[in-house]
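Coordinate analysis (summary)
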Amino acid sequence: MHYYFVDEKINKQFILKNANFNHAVNVVNLKVGEQIVCNYNNQSFLSKITLISAESVEVEIIKELSSTEFKIRTIAILGIIREQKWDYVLQKLTELGVSEIVPVVFKRSIVKIDQKSITKKLARWGKICEDAAEQSHRSTTPIIHPPISNLKALEQYKSALNLVAWEDTNESSLKQAFKTDFDSISFVIGPEGGIDAQEIKTLETMGFKTVGLGKRILRAETAPILLMSSLIYEKELS
């Protein structure tokens, strides 16, 4: 079953155009009468193709489907890392159900963001997440916020539970943190160079609690996937 995020709905019909049209008609060669899933306004609908024209595909809604979204609102606050690894993290966190992603330039960040390229990068990152959301049968894509460099700006992204992964912490483990009741979580993961001690102090002052991710030091692209997977295990699979 093929999934498409659509933005045009007329009564009980969706219209597939542009990239969606090209994929449906020219890539997977769908025909009239075949069923697909259309994601619209954070909802998923089983639909049937009723008409294929030169530039669009019309589909009729059969029924609304149950949501596959993770019930806990999850905000991943991530130090920006090298492009290939960053793309991988975006893809995997989307598959795992993250709600929002906040890119951050920390003091030790190797990758710097040119202000002139932000719009283009956000569009590219959004497409990566949309493709991953379709593949994983999600009904919505994560919100990717513009990169920030001032940690104080993270106040607007705080949740019921706020964590920062730090290899030097002697405080609670991730498992202990997840034993509490919460309906939203924000977690901070640093870049390749890690998070500076002064930045940790700033985050702690803001209400972020340091947690360890185990006995081994993880790569910047591994840590957020471990944290998100552990969260799903504790709150969705257990």
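Residues numbered from 1 in each chain as written. Predicted model: local features only at pLDDT ≥ 70, side-chain atom pairs only at ≥ 80, totals over all residues. Heavy atoms only, no water.

Concerning the UniProt feature "domain: Ribosomal RNA small subunit methyltransferase E PUA-like" (unreviewed entry) in the chain
UniProt tags residues 16–62 as "domain: Ribosomal RNA small subunit methyltransferase E PUA-like" (unreviewed entry). In the segment residues 16–62, helix accounts for 21% and strand for 53%; the C-alpha atoms at its two ends are 16 Å apart. (UniProt positions renumbered as here; feature names shortened; annotations may be inferred. Helix = DSSP H or I, 4+ residues; strand = E, 2+ residues; numbered from the N terminus.)

Some thoughts on the pairing of strand β11 (residues 184–189)
Buried residues dominate β11, accounting for six of its six residues. Here β11 shows a buried face lined by Ser184, Ser186 and Val188 and a second buried face lined by Ile185, Phe187 and Ile189. Across six bridges, strand β7 (residues 73–79) lies against β11 in parallel orientation. Each bridged residue has a counterpart across the sheet, and for Leu78 the counterpart in β11 is Ile189. Strand direction decides the pairing type here: strand β10 (residues 161–165) and β11, joined by four bridges, are parallel. If you follow Asn162 over to β11, its bridge partner there is Ser186. (Buried < 20%, exposed > 50% of the residue type's maximum accessible area, 1.4 Å probe, protein only. Pairing = 2+ DSSP bridges.)

Re the environment of Ile217
For Ile217, the position within the fold is in the loop between β12 (209–211) and α6 (223–237). A relative accessible area of 68% places Ile217 in the exposed class. Taking the C-alpha atoms as reference points, Ile217 and Leu231, separated by 14 residues in sequence, lie 19 Å from one another.

Observations concerning the packing of helix α2 (residues 83–96) against α6
What describes two packed helices is the angle between their axes and the distance between those same axes. At their nearest, the axes of α2 and α6 sit 10 Å apart, and the two run at 5° to each other. The angle between α2 and α6 places the two elements in the roughly parallel class. Counting all contacts with α2, which are made through Tyr88, Val89, Lys92, Leu93 and Leu96, the residues of α6 involved are Pro224, Ile225, Met228, Ser229 and Ile232. Per-class residue counts for the contact of α2 with α6 are eight nonpolar, one polar and one charged. (Axes fitted to C-alpha atoms, helices over the stretch in contact; angles between N-to-C directions. Parallel < 35°, antiparallel > 145°, perpendicular 65-115°, else oblique. Contact = heavy atoms within 4.5 Å. Nonpolar A, V, L, I, M, F, W, Y, C, P; charged D, E, K, R; others polar.)

Focus on the pattern of salt bridges
On inspection of all chains with the given rule, the structure shows 13 salt bridges. Measuring nitrogen to oxygen at the nearest pair gives 4.0 Å for the salt bridge that ties Lys85 to Glu221. Here Lys85, found in helix α2, pairs with Glu221, found in the loop between β12 and α6; they are 136 residues apart in sequence, far enough to count as distant. The exposure class of Lys85 is partly exposed, given its relative accessible area of 27%. In this structure Glu221 comes out as buried when scored by relative accessible area, which is 12%. Through salt bridges that share partners, Glu83, Asp87 and Arg124 make up one connected network. (Salt bridge = Lys/Arg side-chain N within 4 Å of Asp/Glu carboxyl O.)

So, the side chain of Arg138
Following the sequence through the fold, Arg138 ends up in the loop between α3 (118–135) and β9 (143–144). According to the relative accessible area criterion, Arg138 is buried, its value standing at 4%. In this structure the side chain of Arg138 is engaged in a polar contact, spanning 2.9 Å, whose partner is the backbone oxygen of Thr94. With near-sequence residues (within four places) excluded, Arg138 lies in contact with Tyr3, Phe5, Asn39, Ser44, Thr68, Glu69, Leu93, Thr94, Gly97, Val98 and Ala133. (Polar contact = N/O pair within 3.5 Å; in protein donor to acceptor, adjacent residues only side chain to side chain.)

Let's talk about α2
With 14 residues, α2 should reach 20 Å at 1.5 Å per residue; the first-to-last C-alpha distance of 20 Å fits that figure. Taken together, the buried positions of α2 are occupied by Trp86, Asp87, Val89, Leu90, Leu93 and Thr94. Relative to the axis of α2, the buried residues are bounded by an arc of 160° and lie together on one face. Elements that come into contact with the buried residues of α2 comprise β7, β8 (100–104), α3 and α6. Of the residues one or two after α2, Gly97 is the one with positive phi, at around 105°. (Expected span 1.5 Å × (residues − 1). Arc of directions from axis to C-beta.)

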